[in-house]
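# Working through the structure, step by step
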Amino acid sequence: MHSTRKRLIRLTMELVLLVTVLLVLLGPVLSLVLWSIAETWYWPHALPQQIGLQYWHQALGIHVSLAIGAVSILPALLLSISIALVTVLISMAITIPAGYALSKYRVPLGGLVLFLFLMPNAFPQMPVFVNLLRIYTRIGLAGTVPGVVIVHMLVGIVFGVWITSATFKSIPPGLQDAARSVGATKLITFWRITLPLAAPGLLASAVFVFIKSLEEFTGTFFVGLPFVTTLPMMLYSASGYNMQFASVIALVMLVPSVLFMVLVQKLLRAEYVGGMG
Amino acid sequence: MPVIRTAVAPPAARRRGGIPPYIPLLIPAVAFMLLVYAFPFLSSIVTSFLDQQGVPSLSNYRRTVDLYARDIIFTLLVSVSNTAGTILLAIALAAYLRVRNSRMSRFIGHVYKLGIFIPFVVVAQMMRTFLAPHGLLNVTLARTGFIDIDSPLQLFNFSGLTFGFMWKLVPFAILIIYGGFQMIDNSYLEAARSTGAGFFAMVARILVPMNKSSILVATVLVYAQIVSCFTLPYMLLGGRTPTTITVDIAHRVTYFRDYGSANSLGVISYALVLVAAAYYLKTSVRQYRQGADNA
Amino acid sequence: MADLRLENVVKQYGRVKAINGLNLEVPDGKLVTILGPSGCGKTTTLRCLSGFLVPEYGRIFVGGKDVTEIPPERRGIGMVFQNYALWPHMTVYKNLAFGLQLRKIHKAAIKSKVEQVLATVRLSGYEDRYPRELSGGQQQRVALARALVLEPEILLLDEPLSNLDAILREQMRFELAQLQKRFGITTIYVTHDQTEAMVISDTVVLMNEGRSMQQGSPADIYRNPANKFVAGFMGMTNFLEAQIVEALNGFAKVRTTDGLELVVEQSVIPDQSDVCIMIRPEHIAFLNETNDPRENEEHNICDARVTRATYLGGTVDYELTIGEHRIRTLGDTQPRYQVNQEVRVRLDSEQMRLVCN
Ligand SMILES: Nc1ncnc2c1ncn2[C@@H]1O[C@H](COP(=O)(O)OP(=O)(O)OP(=O)(O)O)[C@@H](O)[C@H]1O
Ligand SMILES: [Mg+2]
């Protein structure tokens, strides 16, 4: 008797918890979805009076009309993806050697090098962006795509170095020694043994840098605006005047995030995932 | 007996005297970080102590304190209270996930992660629609009779900011803390239960004390993220006051091109995270060193 | 084929001397075991030989040629790693073929070589498996095959059997020794298992703290250990602290610290007075109350008390107290003596050895 009642209470409590968690988690997402399809929604109606995909059509460039104040997001999306791709390529070219060196060699002053790569995680990055803008203005990089790529690389390299060095460190050194002992030079060993074994980790790192670049807001805000309009910048400016359009962009931006969540949550350590937004 | 040779063999030449291989491997990354990170970082500190004419002075700080003392306190308040709230909630939920093994707990264990992967811009936009005076939350509350339909909750302030931060950071903290909880062997929990410990006793006496370090790491990272975050307060609070330091920095730069004050605000934000940053740097370097020795 | 020689090799890690003046000679086609406690520098020695480490001091010769500073990939020395180090992203076939491909050998030739070597390690048909799909013993044999397929002049094995269970280890031990004889490869085999060293080696090198303590055939080292460390490391043994009272031609009269007088037959008597008497359990005989033919000999007979008796199946392990010393010995199948029983034992004067610390 007693124990069944107890169990019932516990079950109810758990159910309440579950419902609360779902409401809190999904409420904002639902609100976003509703706004993205709301063509008319007057307070205090619980749901939009008129729904439709007008804003989606506008945003995706299917219809063009000036009436509702939305534009095609495709140019911004394309720019964001291009910036992200370039960022990944350059970042990986820099981080793979650095991560390898940190994992395989006892670097003198290694502590200092580590420090340098950890600092951006430990301290607010905003003052750095502010001063980059000042430097950029002087050398003519302000408001240019290369300037934005450099800022995105800063975000990418910090995480890239950590993930790649952890990946390389997880490869038992014996596997490389074994290759040397059957006659492979250092270079061949790297190409045929180390790199293939590190591939999953390096891929995860590349995807991570890609996503980070797609999402980057603060740095782009300072050094890129008003000329470099990436997707987050477009979302920001739309959010000031057009709730529906901004919600559409936010939902579009949700896609890579959710894909990323499914793709790499197993591959990465917890601290890397959150990052410093 | 060991053979002792009297003829001494010649010493082997030292290994190739040239530069060690890690130098060229590290140069691009280190140079990049020095140029794009360390230089602006140091220059933010230096400029904060120079006045308009480039003479060393504290004028920036004086102006900053005059104008933004309230915002600095607000930032500290938001950061500390939101960190505390985030960590406490995360401990409770992580403990629930760890102790309870039901279908519901496993389901929550999957869905809670959503927030971690959503960037702050998107979170901010969500909150702008969800928490608005005529947003979904107010509509729902009004419809269910919790609030008066003519005076909706005003949430583009401390409360909304707290909700936004916690929405994104509680899952992140759970991820780290739950990771620590999972390392604890079931036998400890079973032993506690066999001596009659309930859920709260198990959390307070076993899980938390045995996971001090992961909880501390989560605390430090959550706190640093809140202090550093620009996107959410900027988009949610807009021009309302009080606001956070990061928003003030943006105002100083975009409206006034006043780098001196912006940088002094920046240095103050460094100061706010100093202890947390030192702890984070210390443990990360130590962890890395240990890893290197085991390799 | 080639012989191998280390001259006065010193290898330091920072201030720690992992190898400290090591001399070693391995004749062509022989199997030498390096035996020693953990941390004595065995792996370091192999890594110097294979070229992963360059010694600070000393030279290494293979077939008379100085290879001290030649990098590992150009030494042509085969190596079997303790944890096998099979490449997880390659099949068994690819693991074996990798080294051959680097030598630009024709595809068909590679195939036939790999198949042949896999047959010698009895793994034909496992070509397409990945390492994780093999048992520990099979992985071990693939690791061996990967080294053998390149037909190296020298083969180095670092505790190749230490990850296997006892039965498999014993079986693999013989197979390894057989293969080595068949291929006639000059081999250095590292182990810290003394039985393993006894079973397979032509020569055993006993190492401690980065130095060679003694080199010789297993029987020689067992019977005539150069010092107390060697005696203690090779098999179970008893030590009695003693002083030499009288040294004659091939004999020594010694007195233990607790006053027992013993005679030791030994061709070379150490020329210092404080020594240690070493006697192995099997060289201590119980004297029956009944007539033992040599009971009348007056030497080396002492009274003892049984302080522990452990039945081990084939034998009984006794601990005896003689004076102040506790001594281990072996009795035959039947547990004849009880704890606290007074017995008489004879210590075999021919088998006792005087050793220095
Ligand atoms: N990379 C290194 N850095 C510093 N010291 C080392 C390093 N590798 C080995 N040593 C030290 O050198 C000594 C010899 O090590 P080595 O690995 O050769 O021992 P070993 O005889 O192979 O031991 P085991 O039987 O445990 O494998 C040890 O004291 C060890 O601590
Ligand atoms: Mg070893």
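Structure first, text after, so check above.
Okay, so let's go over this structure. (Residues numbered from 1 in each chain as written. Chains lettered and ligands numbered in written order. Predicted model: local features only at pLDDT ≥ 70, side-chain atom pairs only at ≥ 80, totals over all residues. Heavy atoms only, no water.)

### So, the interface of chain A and chain B
What counts here: Contact criterion: two residues are considered in contact whenever any of their non-hydrogen atoms come within 4.5 Å of each other. Whenever a carboxyl oxygen of Asp or Glu lies within 4 Å of a side-chain nitrogen of Lys or Arg, that contact is scored as a salt bridge. Each polar contact in these results corresponds to two N or O atoms within 3.5 Å; when the atoms are within protein, one needs to be able to donate a hydrogen and the other to accept it, and residues that are neighboring in sequence are counted only if both atoms are side-chain atoms. Here a strand is any run of E in DSSP of at least two residues, a helix any run of H or I of at least four, and the numbering for each starts at the N terminus. Polar here means any residue other than Ala, Val, Leu, Ile, Met, Phe, Trp, Tyr, Cys and Pro, which are nonpolar, and Asp, Glu, Lys and Arg, which are charged; Gly is therefore polar.
Listed by partner, the interface residues are 95 residues for chain A and 96 residues for chain B. At the junction of chain A and chain B, the tally comes to one salt bridge. For the salt bridge of E14 of chain A with R100 of chain B, the shortest nitrogen-to-oxygen distance reads 3.0 Å. For the interface between chain A and chain B, the tally reads 15 residue pairs in polar contact (both at pLDDT 80 or more). With 19 residues, helix α1 (residues 2–37) of chain A is the largest single contributor of residues to the side of chain A that touches chain B. Within the side of chain A that touches chain B, the residues separate by chemical class into 69 nonpolar, 17 polar and nine charged.

### Quick look at the sheet that holds strand β12 (residues 251–256) of chain C
As a general point, the strands of a sheet are linked pairwise by backbone hydrogen bonds and lie either parallel or antiparallel. All names here are of chain C. Going by this rule: At least two bridges found by DSSP between two strands is the condition for calling them paired. Interaxial angles span 0 to 180 degrees and are taken between N-to-C directions of axes, which are lines fitted to C-alpha atoms, for helices over the stretch in contact.
Strand order in the open sheet formed by five strands is β13-β12-β11-β14-β20, and the pairing between neighbours is antiparallel. Single-partner strands in this sheet number two, and they are β13 (261–265) and β20 (353–355). In this sheet, adjacent strand axes meet at a mean angle of 45° when their direction is disregarded. In this structure, strand β14 (residues 274–279) lies alongside β20, joined through three bridges in antiparallel fashion. The residue of β20 that forms the bridge with I277 is L354.

### Overview of the pattern of salt bridges
Stated precisely, the cut-off is as follows: Each residue is assigned to one of three classes by its accessible area relative to the maximum for its type, calculated with a 1.4 Å probe on protein chains only: buried under 20%, partly exposed between the two thresholds, exposed over 50%.
Within this structure, the stated rule accounts for 21 salt bridges over all chains. For the salt bridge of D317 of chain C with R328 of chain C, the shortest nitrogen-to-oxygen distance reads 2.8 Å. With D317 of chain C in strand β17 (residues 316–322) and R328 of chain C in strand β18 (residues 325–331), this residue pair connects regions lying 11 residues apart in the sequence. By relative accessible area, which is 8% here, D317 of chain C ends up buried. Connected through salt bridges with shared partners, the residues R63, R252 and D258 of chain B form a single ionic network.

### Remarks on the sheet that holds β17 of chain C
All names here are of chain C. With antiparallel pairing, five strands are arranged side by side in an open sheet as β15-β19-β16-β17-β18. Taken across any chain shown, the strands that pair with only one partner, and hence form the sheet edges, are β15 (284–287) and β18. Adjacent strand axes in the sheet meet at a mean angle of 45°, parallel and antiparallel pairs treated alike. Pairing of strand β16 (residues 301–311) with β17 involves six bridges; the strand directions are antiparallel. Residue Y311 lies in a different strand from β17, and its bridge partner there is V316.

### What to know about the interface of chain C and chain A
In this complex, chain C contributes 21 residues to the contact, which on the side of chain A involves 17 residues. Between chain C and chain A we count two salt bridges in total. The closest approach of N and O atoms between D177 of chain A and R47 of chain C, which form a salt bridge, is 2.9 Å. Applying the counting criterion to the chain C and chain A interface returns six residue pairs in polar contact (both at pLDDT 80 or more). Sorting the residues of the side of chain C that touches chain A by element identifies β6 (77–80) and α2 (92–102) of chain C as the ones contributing at least two each.

### Things to note about a nonpolar patch on the surface
Using the following cut-off: In this analysis, a patch consists of residues with relative accessible area above 30% that form no salt bridge, clustered at 9 Å for like charges and at 5 Å for the nonpolar side chains Val, Leu, Ile, Met, Phe, Trp and Tyr. Where accessible areas are quoted, they stem from the Shrake-Rupley method and a 1.4 Å probe; at the residue level, only the protein chains shown are allowed to cover.
Residues V19, L23 and V24 of chain A make up a contiguous nonpolar surface patch of roughly 250 Å² in combined accessible area. Looking at L23 of chain A, the relative accessible area reads 58%, which means it is exposed.

### Digging into the pairing of β17 of chain C
If a strand is regular, its side chains alternate between the two faces of the sheet. Residues and elements named next belong to chain C. The buried count for β17 comes to seven of seven residues, which makes it a mostly enclosed element. Of the two faces of β17, the one lined by V316, Y318, L320 and I322 and the one lined by D317, E319 and T321 are each fully buried. Note that β17 and β18 share seven bridges and pair antiparallel. In the strand pairing of β18, E319 is matched with R328. Between the end of β17 and the start of β18, which pair antiparallel, lie two residues, with G323 showing a positive phi angle near 60°.

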